[in-house]
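Here is how the chains run, residue by residue.
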Amino acid sequence: MFKNDFASLARPAILPDASNRQGLPAFASVGDVLNAYEGDDAIFVLYPKKIAAAARTFLNGFPGTVLYAVKANPHPAVIKTLWTSGIRNFDVASTREVDLVRSIAPHAKLFLMHPVKSRATIRQAYEAGVRDFSFDSAEELQKMLEETGYAPDLTFHLRLALPKGNAAMPLSGKFGADRATAIELLKAARPHVAQLGVTFHVGSQCLDVEDYGRALSWVRSIVDDADVEIDSVDCGGGFPVAYPGMSHKPMGNYFAAIRTALRENGFDGLQILGEPGRALCAQGGSTLTRVELRKGADLYINDGSYGSLFDAAQCAWKFPVKLHRATPRIAEANEPFRFFGPTCDSLDVMEGPFELPGDIAEGDWIEVCHLGAYGQALSSRFNGFYSETTVAVMA
Ligand SMILES: *Cc1c(COP(=O)(O)O)cnc(C)c1O
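Since the model is a prediction, treat every value here as computed from it, not as a measurement.

**Student:** Kindly report on the sheet that holds strand β5 (residues 109–112), identifying the contributing residues and their values.
**Tutor:** Strand-to-strand pairing in sheets goes through backbone hydrogen bonds, with the strands running parallel or antiparallel. A barrel is described by the order of its strands in space; here 8 strands give the closed sequence β3-β4-β5-β6-β7-β9-β11-β12, paired in parallel fashion. Taking each pair of neighbouring strands and ignoring which way they run, the sheet shows an average axis angle of 25°. In this structure, strand β3 (residues 65–69) lies alongside strand β12 (residues 271–274), joined through 2 bridges in parallel fashion. Residue pairing in the sheet places T65 in a bridge with L273 of β12.

Below you can see the structure in the form of structure tokens.
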């Protein structure tokens, strides 16, 4: 799909870079990608250096062990980059995610943190070396004990439902034990497991640092009422990224708030875990999509809600956008645009508004940024429109 062998296009200084061992076509800039591209589909871009930088932020600042939530972006290059950057622990949900991480990072420690698993998934994960599992019901606790043969080396993490917080996407509606159930489950699980932990998720894209402190007080009061020893507290994911129209405090404030709340609630001596997904890879990926037609303020583009723009469509989420055009010319002032995706479904619309130069036209490319999490990962093949091209840009 590229004009020449991509290796010959990338600058020689770029290829030996230790952070690009993913085997992706590597380029110095988006401009170089577009100059070389001859395909007709959208292009997914990964920025391994940005993913590595996000990993360093967490490894240096988060007051505990950092697990990468693989669902945010399971691309092998993302997993490899995170492993190379020092992430050793992965939060997985399915047998396929177990196999995927194992195939790329055989020595990684895997945590199966889905509170509802098939019996075969539990069995296969245990056989693959997984010892950490989450649950939120007595039935699942029973399943996990039966399928692992009451093994002596298990760590079970009880998933709590949280009172409503300030996340853009709440995640306590589907999973999590309420207070009374949680107290019973802690008592029920304790005699059977080597280690017992509590886990929660404040909701994805959490815009209020205090939500983590409130969650940790909630954990404390439940553990006290259960009167059971716990070994670990998992603060989940939810760490935010800067999308247009959403502001949040720097990541350091989140880490400081968690550190303070851990101390105030007496969790200092326990094993502390965190499961960032979005914050590790959102800024490390974008989609290059081409304008096929313009009708006034509506741009018909070759990626959409069934591609990597699901959240832009279904949640009216705004993403940063940049214009790239083949022959650079001075762009007009920005105007608001709406996007239509390539499929024939009328749900395939991204309202935005997305601010782009007023003279944008057919053939121009738009880089939709921050799609490294829950963008590329959600892409389907509906209606025959999809991208099979992922490149690394070493910027
Ligand atoms: C999705 C998910 C995460 C990651 O959440 P982010 O908001 O992307 O950080 C972490 N843990 C669990 C259990 C999840 O389901």
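**Student:** Kindly report on the state of the cysteines, identifying the contributing residues and their values.
**Tutor:** In the structure shown here, the tally under the stated rule is 0 disulfides. Here C281 is not cross-linked by a disulfide; its sulfur's nearest cysteine counterpart is in C369, at 15 Å. Looking at C281, the relative accessible area reads 1%, which means it is buried.

**Student:** Break down the packing of helix α8 (residues 179–189) against helix α9 (residues 210–226) for me, citing the residues and quoting the values.
**Tutor:** Between α8 and α9, whose axes approach to 9 Å, the crossing angle comes to 55°. In terms of orientation, α8 and α9 fall into the oblique class. Regarding α8 and α9, the two cross each other, and that crossing is right-handed. Between α8 and α9, the residues in contact are R179, A182, I183, L186 and K187 and W218, S221, I222, V223, D225 and A226, respectively. Looking at side-chain class alone, the contact of α8 with α9 contains 7 nonpolar, 1 polar and 3 charged residues.

**Student:** Explain the site of the ligand to me, and be specific about the residues and the numbers.
**Tutor:** The ligand sits among 13 residues. The nearest are K71, S204, E275, R278 and Y374. Backbone polar atom of R278 to an oxygen atom of the ligand: 2.8 Å apart, as the coordinates give it. Y374 is positioned with one of its side-chain polar atoms (N or O) 2.6 Å from an oxygen atom of the ligand. Here the shell around the ligand is composed, by residue class, of 3 nonpolar, 5 polar and 5 charged.

**Student:** Pulling in residues and values, what's your account of the domain arrangement of the chain?
**Tutor:** By domain assignment, the chain separates into domain 1 (6–48 + 284–393) and domain 2 (50–281). Just the C-alpha atoms count here: the centres of domain 1 and domain 2 sit 32 Å apart. Contacts between domain 1 and domain 2 engage 22 residues on the former and 24 residues on the latter. Of the roughly 1900 Å² buried between domain 1 and domain 2 on both sides combined, carbon and sulfur atoms contribute 64%. Joining domain 1 to domain 2, the criterion identifies 0 salt bridges.

Criteria and thresholds
- Residues numbered from 1 in each chain as written.
- Predicted model: local features only at pLDDT ≥ 70, side-chain atom pairs only at ≥ 80, totals over all residues.
- Heavy atoms only, no water.
- Pairing = 2+ DSSP bridges.
- Helix = DSSP H or I, 4+ residues; strand = E, 2+ residues; numbered from the N terminus.
- Axes fitted to C-alpha atoms, helices over the stretch in contact; angles between N-to-C directions.
- Disulfide = S-S within 2.5 Å.
- Buried < 20%, exposed > 50% of the residue type's maximum accessible area, 1.4 Å probe, protein only.
- Parallel < 35°, antiparallel > 145°, perpendicular 65-115°, else oblique.
- Left-handed = near helix turned anticlockwise from the far one by under 90°.
- Contact = heavy atoms within 4.5 Å.
- Nonpolar A, V, L, I, M, F, W, Y, C, P; charged D, E, K, R; others polar.
- Near = heavy atom within 4 Å.
- Polar contact = N/O pair within 3.5 Å; in protein donor to acceptor, adjacent residues only side chain to side chain.
- Domains from an automatic or database assignment.
- Buried area = accessible area lost by both parts, 1.4 Å probe.
- Salt bridge = Lys/Arg side-chain N within 4 Å of Asp/Glu carboxyl O.

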